[in-house]
Amino acid sequence: MQFLNPLILGALLLAAIPVIIHLINKRRHRTIKWGAMMFLLQANRQSKGRRRLRHILILTCRVLALAALITAIARPIAGGWLGWAGNNSPETIILLFDRSPSMEITDALGEQSKRANAIERLSKALREFGGGAKVVLIDSATREPLSLSNSTKLEELPQTGPSDAAADIPGLLTIAIDYLSASPGENAEIWIASDLQESNWQPQSGVWQSLEKSFENLPTDIPIRVLALTGDSASETSNVGVNVQRVERQGGAIIVDLQFNNQSSQEITIPVTFNIDGGSGTQQSVRLSAGTTTIRKRIELADSNNSAGFGSATLPADPNSRDNLAWFTYGNLAPLVTAVVAEPGTAADRLAIAAAPAAFNSRSALKLTPSEWQRIDWENTSLVIWQDAIPQDDAFESAMRSYVERGGQLAIFPPSKVSAVGEGGVRPSLLGVFFADNEPAPLDGQFSVTDWNKDSGIFANFDDGSSPALNSLFVIRRAPVSMEGGIAIALYSDDVPFASTRRIKAGSVTAFTSLPDDRWSDLLQHNVMFPALQRMIMAGANRVGGARLLNVGESLPSAGEDWKLVAPADAISNDSLVSAGIYADKDEKFLAALNVPSEEAASQRIDVDQVNALFEAKPIRVFEERVTRESNLASPIWRFFAYAVLVFLFIEGLLSLPPKRGGEPDPELAAF
Amino acid sequence: MLGTVSGRHKSPHCGSSIEFAEYRKYVPGDDTRRLDWRAYARSDRFYIKEFEAETNLRAYIVIDSSGSMGFSAGDRMTKLDYAKRLASSLAYLTLQGGDAIGLSRCAESGTVNLPARRNPSHLEVILDLLEDTQAEGSASLPDTLHELAEKVRQRALIIIISDFFYPPNELRDALLHLRFNKHDIAAFQLLDPQEITFAFDRPQRFVDLEGSEVVIADPNTISERYKSALSTFLEATRRNCMDSKSDYHRVLTDKPYDEVLADFLTARLPKKR
């Protein structure tokens, strides 16, 4: 238990006053010389035990009443956050601070955000109990341990300011464990200030089990305390957030898919302001149902606008300002390039046609032979199509990997050679993809595609609800593919994948098992190959043409290059790990839009029981602090002591009452 | 009473005197001169007249001077002072009546005995002894009574003035001893009103007048038990006196002692038959 006025506890010595008074009174009783002592002694003997017990109880009640009164005046705070924290005066306090956008939700009065509330309470706790303890701050945005001096004010640190990055609580705990492992034997505690947002805590993730093992491996037990800013639901239910899902430039216009998250239970209409390249905005009223609403907005660009640019969608102010602004970038009008690296032949031609039909000015295809792969313009190519044997070349593998990891799209088709085995009998692979020997379909038969992913991916249904006609494909030869870590997105009737895909960092690789060659299939027919490749081109277009769409916290492309903040002018930080906005590379050739992660709009929280269930054996102490204006000092524990005073005094009064006199008078004394 | 001087007290023994006492049947060996012929004429039976013999009163006053007798509450006289007045008054009256009076003082240091004398100057001796008597220490009244019972051969009136704060069974034995030796016993039990009422308004430190006991007691909590114990004791004392056919008087020291004396003497007047 801690006290707000600990000095007053010195007055507990006064609790000895009743005892002292009792002892003094024993000496101060009026003395009377008594003759009838034999009766007095007899009566005294009879009541001695009970009388002594009564005296002891009375004295005890008086002492306890006095002690309880002094304790109440000293304002014990065991019931509040300050009483919960810092019971054991640790040497080191690792403070994991959640400064994700959801922590900017303000209270019902709109005066203080959860983050500000957390700073206030943590500052007070560190002042009260942090004296002598080393404080190490790890915030959810920068994730860098920062040692604080005794004079540091939490509210003045940029590391406790607002940020647009989502919090990864298991990740922060991992960093804390690494820090503690470097300083073994320290008596440390971990404090976590968070709003218990489910997406931040990831309670279903298996990482908690490995975290628990890591804690067990530490030499000392590290208590974990959570200050849960669970917030006032009233303000949260009036919050609306916006997020950009997809951006596509179509000539002189851009198509933006926006997702709105309406936390209220009612349908609302709000004005949304669209802004292009920092100019004056246009406003549009948008009707939102409760929950999530997606709208597609077409924004016309100026006729002279051929270059890449950026824009924003802004909502009116509400309890959380961080999710009211969504940024997007759009590419320039330069055609999107597809590099078709294939052995000369029908397949190569048809693949080039599918990638860049003659009628599409916005598309171009560069045909290269396999030996010319180094001519690929990696930075300006949206899609690389490889159709040949996979060379055993580390440089090739490395270049492809780098391209894909930075957002490029790679489509691999089987070589037309009979055997896919390379030199030395080794089956080469590219990014975990290798083909088996190609096989013909049974005589008078074919391989039929019967199942594919219609909801997402390159074979998803079109906007009008129709689907690519994979089931109409006529495949007479195929080369089964193995893809390490891949998932099949279409299956033949015998459950062999028709196509598999795998995401590698910002990009993805998709492997097909047949060719658009009459000796293999009619892949170019039936509206299958063309939309699939176009979708891959569009996905790859995000990294070219100057436009990228990322979340705050994700690495900007070309790691190591200096990216600078272009917009907004009043960003909370120039750091792309912290602030959403538009960033440009040092050559101002590329733009990237960093947004608040969409999961930050989710209102699901985990409760105290779920927090305690994260670890099997290690307890986590949670203090749930509602963001209200209730005084932090209004801890109920002092009232307990005040009531105790009354109870003790009442009991003391009862015990002090003189016993009832009366009853039958003694016959021998009645005459008197 | 037996004695060599004729006093004013009727003796229970029948002898030759002028006052007729009663008839009894003649038995061979009786003095025929005492035959009542008129009774024979009336009843045709032989009866002897009995007459009351007038003898001297021999009295002994036993005064208890133990520490408890020194108690008094407020401005009242102590029990011992009260006892002294009673004793001195009784001594005077006895000597005035031509009877013999002696005094035994029961004290911690032992019993002091003054023999019974008829001489008027004996009063001064008695008064001197009373004046020197102080209430102190613990004495043993039962022992004094036993000693008196053995020493006084002739039947006497034993007047005991005490608070009788002694074990009832010991007192009973002493009284019965006196009674067995055919003594007449009058017992004055002196009590201070506060010893009865135990009226205190706050805890007191009670110091034993007869010893070193000290008790701090809250009257509120102990009063009932004290009174119960006192009542039990008084009842036992009364019963012991009744069993020993003693003339028992319970006296509160706020009652004028002359009234007590008057009541005592009046009660001892011979009853007319």
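Above this note sits the structure.
Student: An account of the packing of helix α4 (residues 141-151) of chain B against helix α5 (residues 168-180) of chain B is requested, with residue identities and associated values reported.
Tutor: Residue and element names in this part refer to chain B. Packing of α4 against α5 brings their axes to within 9 Å, and their N-to-C directions diverge by 15 degrees. Judged by the angle between their axes, α4 and α5 are roughly parallel. Where α4 crosses over α5, the handedness of that crossing is left-handed. Here L141, P142, L145, H146, L148, A149 and E150 of α4 lie close against α5, whose contacting residues are E170, L171, D173, A174, L175, H177 and L178.

Student: Give me the pairing of strand β16 (residues 381-387) of chain A: which residues, what numbers.
Tutor: All names here are of chain A. For β16, a buried count of 7 out of 7 residues is recorded, marking the element as mostly surrounded by other parts of the structure. Note that strand β14 (residues 336-342) and β16 share 6 bridges and pair parallel. Bridged to A339 within β16 is V384. As judged from the 5 bridges shared by β16 and strand β17 (residues 409-413), these two strands associate in the parallel manner. Counterpart to L383 in the pairing with β17 is Q409. For the crossover from β16 across helix α10 (residues 394-405) to β17, the handedness is right-handed.

Student: Any chance you could break down the pattern of salt bridges for me, citing the residues and the numbers?
Tutor: All names here are of chain A. Throughout the structure, instances matching the rule amount to 28 salt bridges over all chains. As a salt-bridge pair, D257 and R246 come within 3.2 Å of each other at their nearest N and O atoms. Of the two residues, D257 is situated in strand β8 (residues 253-262) and R246 in strand β7 (residues 240-250); the sequence distance between them amounts to 11 residues. The class for D257 is buried, based on a relative accessible area of 10%. Between D349 and K367 there is a salt bridge; the shortest N-O distance is 2.3 Å. One end of the pair, D349, is in helix α9 (residues 346-355); the other, K367, is in strand β15 (residues 363-368), and 18 residues separate them in sequence. Residue K367 is classed as partly exposed on the basis of its relative accessible area of 44%. Within the structure, one salt-bridge network assembled from shared partners comprises R246, D257, R296 and D463.

Student: Talk me through the nonpolar core; I want residue IDs and the actual numbers.
Tutor: Among the nonpolar cores identified, the biggest contains 63 residues, and L410(A), F459(A) and F498(A) are the most heavily contacted of them. The contact partners of L410(A), leaving out residues within four places of it in the chain, are L383(A), V384(A), W386(A), M400(A), V404(A), L430(A), L431(A), S508(A), V509(A), T510(A) and M536(A). Core analysis: the second largest hydrophobic core is formed by 50 residues, F39(A), A149(B), I158(B) and L234(B) among them.

Student: Outline the interface of chain A and chain B, supporting the account with residue identities and numerical values.
Tutor: Of the residues lining the interface, 33 residues belong to chain A; the matching set on chain B comes to 40 residues. With both chains or domains summed, chain A and chain B bury close to 3,700 Å², and 65% of this area falls on carbon and sulfur atoms. For the pair chain A and chain B, the number of links is 0 salt bridges. Put simply, chain A and chain B have 7 residue pairs in polar contact (both at pLDDT 80 or more) between them.

Student: Talk me through a nonpolar patch on the surface; I want residue IDs and the actual numbers.
Tutor: Together, V647(A), F650(A), I651(A), L654(A) and L657(A) make up a nonpolar patch on the protein surface, roughly 480 Å² of accessible area in all. You can see L657(A) is positioned in the loop between α13 (637-656) and α14 (667-670).

Student: Can you lay out the sheet that holds strand β26 (residues 549-551) of chain A for me, pointing to particular residues and giving the numbers?
Tutor: Residue and element names in this part refer to chain A. Spatially, 4 strands are ordered β26-β29-β28-β27 in an open sheet, and the strand pairing comes out mixed. The open sheet has two edge strands, β26 and β27 (563-567), and neither has a second partner. Averaged over neighbouring strand pairs, the angle between their axes works out to 35 degrees when direction is ignored. In terms of strand pairing, β26 meets strand β29 (residues 591-595) through 3 bridges, oriented parallel. Its bridge partner lying in β29, L550 is registered against L594.

Student: Run through the side chain of N324(A), naming residues and quoting values.
Tutor: Residues and elements named next belong to chain A. Mapping N324 onto the fold places it in the loop between β12 (309-314) and β13 (325-330). Within polar-contact distance, the side chain of N324 engages the backbone oxygen of P316 at 3.3 Å. Once residues lying within four places of it in the same chain are set aside, the contact partners of N324 are V240, V242, A313, T314, L315, P316, A317 and D318.

Student: Give me the lowdown on the packing of helix α2 (residues 37-73) of chain A against helix α7 (residues 219-243) of chain B, citing residues and values where you can.
Tutor: To describe two helices that pack against each other, one gives the angle between their axes and the distance between the axes. Axis separation between α2(A) and α7(B) bottoms out at 8 Å; the angle between their running directions is 150 degrees. In this view, α2(A) runs roughly antiparallel relative to α7(B), as classed from their interaxial angle. In this structure, α2(A) crosses over α7(B), and the sense of that crossing is right-handed. In this structure, α2(A) contributes M38(A), F39(A), L40(A), Q42(A), A43(A), N44(A), Q46(A), S47(A), R50(A), R51(A) and R54(A) to the contact, and α7(B) contributes T221(B), I222(B), R225(B), Y226(B), A229(B), L230(B) and F233(B). When its residues are assigned to classes, the contact of α2(A) with α7(B) shows 9 nonpolar, 5 polar and 4 charged.

Student: So, the sheet that holds strand β4 (residues 146-148) of chain A: which residues are in play, and what are the values?
Tutor: Remark on secondary structure: sheet strands pair via backbone hydrogen bonds, oriented parallel or antiparallel. Residue and element names in this part refer to chain A. With respect to topology, 6 strands assemble into an open sheet ordered β4-β3-β2-β5-β6-β30, the strand pairing being mixed. Of all strands in the sheet, those with a lone pairing partner are β4 and β30 (620-624), marking the two edges. Across the sheet, the axes of successive neighbouring strands diverge by a mean angle of 25 degrees, strand direction being ignored. Of the pairings in the sheet, the one linking strand β3 (residues 134-139) to β4 comprises 3 bridges and is antiparallel in character. Note on β4: the bridge partner recorded for L137 is L146. Helix-sheet contacts for helix α5 (residues 169-182) involve β2 (92-97), β3, β4, β5 (188-194) and β6 (224-228), and the interaxial angle to β5 is about 160 degrees.

Student: For a negative patch on the surface, give the residues involved together with the corresponding values.
Tutor: Residues and elements named next belong to chain B. A surface patch of like charges, here negative, comprises E124, D128, E131 and D132. Within the secondary structure layout, E131 lies in helix α3 (residues 122-132). The exposed category is assigned to E131, whose relative accessible area is 58%.

Student: Tell me about the environment of T144(B), and please be specific about residues and values.
Tutor: Residues and elements named next belong to chain B. With respect to the helices and strands, T144 occurs in helix α4. Once residues lying within four places of it in the same chain are set aside, the contact partners of T144 are V62, S104, C106 and T111. At 3.2 Å, the side chain of T144 and the backbone oxygen of S140 are in polar contact.

Student: Would you mind going over the pairing of strand β4 (residues 100-107) of chain B in detail, with residue names and values included?
Tutor: Residues and elements named next belong to chain B. Burial analysis of β4 places 8 of its 8 residues in the buried class, the great majority of the element. The alternating pattern of β4 places A100, G102, S104 and C106 and I101, L103, R105 and A107 on opposite faces, both of which are buried. Pairing of strand β3 (residues 58-64) with β4, which is carried by 7 bridges, proceeds in the parallel orientation. What sits directly across from I61, in β4, is L103. Taken together, the 6 bridges between β4 and strand β5 (residues 110-117) define a ladder with antiparallel strand orientation. Across the sheet, S104 pairs through a bridge with N113, a residue of β5. Between the end of β4 and the start of β5, which pair antiparallel, lie 2 residues.

Student: Before we move on, could you go through unusual backbone geometry and cite the residues and values that matter?
Tutor: With the exception of glycine, the majority of residues adopt a negative phi angle, and the majority of peptide bonds are in the trans configuration. Residues and elements named next belong to chain A. A cis amide bond, omega 0 degrees, links A567 with the succeeding residue P568. Mapped onto the elements of the fold, P568 is located in the loop between β27 and β28 (581-585). Positive phi values are uncommon outside glycine, yet D495 reaches one of about 65 degrees. The residue D495 is located in the loop between β23 (487-492) and β24 (497-504) in this model. With phi around 60 degrees, H526 is a residue other than glycine that occupies positive phi space. On the secondary structure map, H526 appears in the loop between β25 (507-512) and α11 (529-541). Judged by relative accessible area, H526 falls into the partly exposed class, the value being 33%.

What counts, and at which threshold
Residues numbered from 1 in each chain as written. Chains lettered and ligands numbered in written order. Predicted model: local features only at pLDDT ≥ 70, side-chain atom pairs only at ≥ 80, totals over all residues. Heavy atoms only, no water. Axes fitted to C-alpha atoms, helices over the stretch in contact; angles between N-to-C directions. Helix = DSSP H or I, 4+ residues; strand = E, 2+ residues; numbered from the N terminus. Parallel < 35°, antiparallel > 145°, perpendicular 65-115°, else oblique. Left-handed = near helix turned anticlockwise from the far one by under 90°. Contact = heavy atoms within 4.5 Å. Buried < 20%, exposed > 50% of the residue type's maximum accessible area, 1.4 Å probe, protein only. Pairing = 2+ DSSP bridges. Right-handed = clockwise from strand over helix to strand, strands pointing away. Salt bridge = Lys/Arg side-chain N within 4 Å of Asp/Glu carboxyl O. Core = buried A, V, L, I, M, F, W, Y, C linked by side-chain atoms within 4.5 Å. Buried area = accessible area lost by both parts, 1.4 Å probe. Polar contact = N/O pair within 3.5 Å; in protein donor to acceptor, adjacent residues only side chain to side chain. Patch = residues over 30% accessible without salt bridge, like charges linked within 9 Å, V, L, I, M, F, W, Y side chains within 5 Å. Areas by Shrake-Rupley, 256 points an atom, 1.4 Å probe, with all protein chains shown as cover. Nonpolar A, V, L, I, M, F, W, Y, C, P; charged D, E, K, R; others polar. Lys, Arg positive; Asp, Glu negative; His and termini not counted. Charge placed at Lys NZ, Arg CZ, Asp CG, Glu CD.

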